[in-house]
Amino acid sequence: MWGSRDVLDTALVHPTLVAEVSAHRTIDHGGVCRHPLRFQRIRLDVRVEDAPRFGQGPAEVAG
């Protein structure tokens, strides 16, 4: 559940598609993300092997 402080179950999956999402990194004073990810589109022009893994791509500079 979004905004939950409960420990959530995790299910690892093998990726077969690349999806583009938009995200906002705002976190409120309680440490909860204020805006969930929003699905934009499936990227059929990008292979799974070519997409950076979470935390491994170029970082966006906050300004």
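This structure is a prediction, so every number in the text was calculated from the model and none was measured. (Residues numbered from 1 in each chain as written. Predicted model: local features only at pLDDT ≥ 70, side-chain atom pairs only at ≥ 80, totals over all residues. Heavy atoms only, no water.)

K.L.:
How would you sum up the overall build of the chain? Please name residues and give values.
P.N.:
Helix and strand content of the chain: 0 helices and 2 strands. The buried share of the chain, reckoned over its 63 residues, is 6%. For the chain, the share of sequence-separated contacts (at least 6 apart) that also reach a separation of at least 24 residues comes to 43%. When the accessible surface of the chain is split by element, carbon and sulfur atoms take 55% of a total near 6,400 Å². (Helix = DSSP H or I, 4+ residues; strand = E, 2+ residues; numbered from the N terminus. Buried < 20%, exposed > 50% of the residue type's maximum accessible area, 1.4 Å probe, protein only. Contact = heavy atoms within 4.5 Å. Areas by Shrake-Rupley, 256 points an atom, 1.4 Å probe, with all protein chains shown as cover.)

K.L.:
How would you summarise the pattern of salt bridges if you had to cite specific residues and measurements?
P.N.:
One pass over the full model with this rule turns up 4 salt bridges. A salt bridge links D50 to R47, with the nearest nitrogen and oxygen atoms 3.1 Å apart. What emerges from the salt-bridge pattern is a single network uniting E20, R41, R43 and D45. (Salt bridge = Lys/Arg side-chain N within 4 Å of Asp/Glu carboxyl O.)

K.L.:
Describe a nonpolar patch on the surface, and please don't skip the residues or the numbers.
P.N.:
Together, L17, V21, L37, F39, I42 and L44 make up a nonpolar patch on the protein surface, roughly 640 Å² of accessible area in all. Judged by relative accessible area, which is 52%, L17 ranks as exposed. (Patch = residues over 30% accessible without salt bridge, like charges linked within 9 Å, V, L, I, M, F, W, Y side chains within 5 Å.)

K.L.:
Describe the environment of P36, and please don't skip the residues or the numbers.
P.N.:
Take P36: it is sitting in the loop between β1 (19–22) and β2 (38–42). A C-alpha to C-alpha distance of 9.0 Å links P36 and R25, two positions 11 residues apart in sequence.

K.L.:
Account for the environment of R5, naming residues and giving values.
P.N.:
By secondary structure assignment, the location of R5 is in the segment before β1. The exposed category is assigned to R5, whose relative accessible area is 62%. Between the C-alpha atoms of R5 and G31, which are 26 residues apart in sequence, the distance is 9.4 Å.

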